[in-house]
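Coordinate analysis (summary)
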Amino acid sequence: MIQEVIRAGATVVNIPDTTGYAYPDVFGGVITGLMEHVDGIENVTVSVHCHNDLGLATSNALAGVRAGARQIECTINGLGERAGNTAMEEVVMALKMRPDVFGVDTRINSREITRTSRLVSSITGINVQPNKAIVGANAFAHSSGIHQDGVLKERTTYEIIDPVDVGAGGSSIVLTARSGRHALRHRIEELGYTISDGEFERIYAAFLDLADKKKEVYDEDLEALVGESERTVNEVYHLQQVHVTCGEPGIPTATVELVDTEGNELIDSSHGSGPVDAVYKAINRIVEVDNDLTEFSVQAVTRGIDALGEVTIRVRSGSGEIFTGRGAHSDIIVASAKAYINALNRLLVAEQGRIPEGL
């Protein structure tokens, strides 16, 4: 079949492991067999497409490269159907770190990998597991005493990849409450963001509020603040304030104030099984839109007890569409409210048949 499609004019032939059942020796053997027995295959690009159902997507793809494949279909953070597809960051760094084995290069700027990973995570609402290879929060963290000692004496003892090579290096500028506008704007631009003066003022105000609560503000915090600013542009409803009372014993109760596009202040209260449930029920009393909460997750943006918390949720509309919402704040209840409002704004915009810039 491959030979016939090449005769018919194909320039790329893709060999997939759609179910993720293959293992490296077998999958590499398939590519080797094609390279040895198909007439004209030297004139086309052999591509591989591997799924990760057995955790072997990267290994299978690399086995295909060793056998002669020169294109890998992959995804950022290994996203994909079921258990996902070959992770781009893994194959890029494997090829870069082991030229002695593979002898090929992608010409990808690996220093953009970490930022790209965070961007995709932010857009999709799918968080990266901390121990994920290359881009996980713990990928370059060392807790074992002997490992720490080895890394301090010679980094390559336990760290085969320089964090800087994947864009995970630290900033030379430490931002605090005393940092001025120039330092903040400089760092934001270094992170690759282009923002207007008006947007910068919103970010600067949020930065000062956060810096008053934290000792240091990290790059991840700034990225969360920029994302939060972008999510507030052209909102259908804006979260003005939220007040919660809860405890044991007690009935979790929330009062929420929203502002609509016409500037009307809308206030309502409700109770629930917990503070977040109470907040969401109060919001639902104001924003009367049919939806079902299908996923809720919280993670710390940075390390430390004073870390900024980021909440990611998914809601299903009455028509079955899924909408993702994100919110960041030092108070996870407020972050939860922001995430819910963000998701509902997206849902409402979709129902109105328009997509305002910034949403």
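See the structure above.
Residues numbered from 1 in each chain as written. Predicted model: local features only at pLDDT ≥ 70, side-chain atom pairs only at ≥ 80, totals over all residues. Heavy atoms only, no water.

With that settled, the discussion passes to the pattern of salt bridges. Taken as a whole and assessed by the stated rule, the structure comprises 17 salt bridges. Note that R115 and E112 form a salt bridge whose closest N and O atoms lie 2.5 Å from each other. With a relative accessible area of 33%, E112 lands in the partly exposed category. Residue R285 is joined to D268 by a salt bridge in which the shortest nitrogen-to-oxygen separation is 3.0 Å. Here R285 is found in helix α11 (residues 275-286), whereas its partner D268 is found in strand β6 (residues 265-271), with 17 residues between them in sequence. Ionic contacts of the salt-bridge type, sharing partners, join the residues D53, E81 and R82 into one network. (Salt bridge = Lys/Arg side-chain N within 4 Å of Asp/Glu carboxyl O. Buried < 20%, exposed > 50% of the residue type's maximum accessible area, 1.4 Å probe, protein only. Helix = DSSP H or I, 4+ residues; strand = E, 2+ residues; numbered from the N terminus.)

By size, the foremost hydrophobic cluster in this structure holds 30 residues, and its most contacted members are L258, V279, I283, V287 and I313. When residues in this core are grouped by element, the largest group, 11 residues, is from helix α12 (residues 332-352). Setting aside anything within four residues of it in sequence, one finds L258 in contact with Y237, H238, L239, Q240, N264, E265, L266, I283, I286, V287 and I341. Grouped together as the second largest cluster of nonpolar side chains are 24 residues, I15, V65, A69 and A94 included. (Core = buried A, V, L, I, M, F, W, Y, C linked by side-chain atoms within 4.5 Å. Contact = heavy atoms within 4.5 Å.)

This part takes up the packing of aromatic side chains. Two aromatic rings, taken as a pair, are described by how far apart their centres are and by the angle between their planes. Scanning the model with the defined rule gives 4 aromatic pairs in all. When the ring of F200 is compared with that of Y204, the centres are 6.0 Å apart and the planes differ by 20°; the resulting orientation is stacked. You can see F200 and its partner Y204 sitting in helix α9 (residues 197-213), 4 residues apart, about one turn around the helix. You can call Y204 buried: its relative accessible area is 11%. Site record: aromatic cluster; members linked through ring pairs are F200, Y204 and F207. Note that R185 overlies the ring of F200, its terminal NZ or CZ placed 4.9 Å from the centroid. (Phe/Tyr/Trp six-rings, centres within 6.5 Å; stacked < 30°, edge-to-face > 60°. Lys NZ or Arg CZ within 6 Å of the ring centre and 35° of its normal.)

Mapped onto the secondary structure, E235 falls in the loop between α10 (219-231) and β4 (237-245). Of note is the side chain of E235, whose polar atom sits 2.6 Å from the side chain of H238. Beyond its immediate stretch of four places on either side in the chain, E235 contacts T261 and N345. (Polar contact = N/O pair within 3.5 Å; in protein donor to acceptor, adjacent residues only side chain to side chain.)

Read across the sheet, 3 strands follow the order β4-β5-β6 without closing on themselves; strand pairing throughout is antiparallel. One side of each edge strand has no neighbouring strand; the edge strands of this open sheet are β4 and β6. For this sheet, the mean angle separating the axes of adjacent strands, direction not counted, is 20°. Taken together, the 8 bridges between β4 and strand β5 (residues 253-260) define a ladder with antiparallel strand orientation. Residue pairing for β5: V244 is matched across the bridge by A254. (Pairing = 2+ DSSP bridges. Axes fitted to C-alpha atoms, helices over the stretch in contact; angles between N-to-C directions.)

With that settled, consider the sheet that holds strand β2 (residues 45-50). Spatial strand order, β1-β2-β3: 3 strands in an open sheet with parallel pairing. With one partner strand each, in any of the chains shown, β1 (12-17) and β3 (71-73) form the two edges of the open sheet. Across the sheet, the mean angle from the axis of one strand to that of its neighbour is 25°, orientation sign disregarded. Strand direction decides the pairing type here: β2 and β3, joined by 3 bridges, are parallel. When the sheet's bridge partners are listed, S47 is paired in β3 with Q71. Against the sheet, helix α3 (residues 57-67) engages β1, β2 and β3, with an angle of about 165° to β2.

Right, let's get into the pairing of strand β8 (residues 309-317). Taken residue by residue, a regular strand's side chains alternate between the two faces of the sheet. Extensive coverage of β8 is indicated by the burial of 8 of its 9 residues. As paired elements, strand β7 (residues 291-300) and β8 share 9 bridges and run antiparallel to each other. Residue pairing for β8: L293 is matched across the bridge by V315. Pairing of β8 with strand β9 (residues 322-329), which is carried by 8 bridges, proceeds in the antiparallel orientation. Paired with V315 across the bridge in β9 is F323. Here β8 folds back onto β9 in antiparallel fashion, the turn holding 4 residues, of which G320 has a positive phi close to 100°.

Looking now at the packing of helix α2 (residues 24-37) against α3. One way to put it is that α2 packs onto α3 with a least axis distance of 8 Å and a crossing angle of 30°. Relative to α3, the element α2 is oriented roughly parallel. Crossing handedness for the pair α2 and α3: right-handed. Between α2, through P24, F27, G28, I31, T32 and M35, and α3, the contact on the second element is made entirely by S59, N60, A63, G64 and A67. Tallied by class, residues from the contact of α2 with α3 come to 6 nonpolar, 5 polar and no charged. (Parallel < 35°, antiparallel > 145°, perpendicular 65-115°, else oblique. Left-handed = near helix turned anticlockwise from the far one by under 90°. Nonpolar A, V, L, I, M, F, W, Y, C, P; charged D, E, K, R; others polar.)

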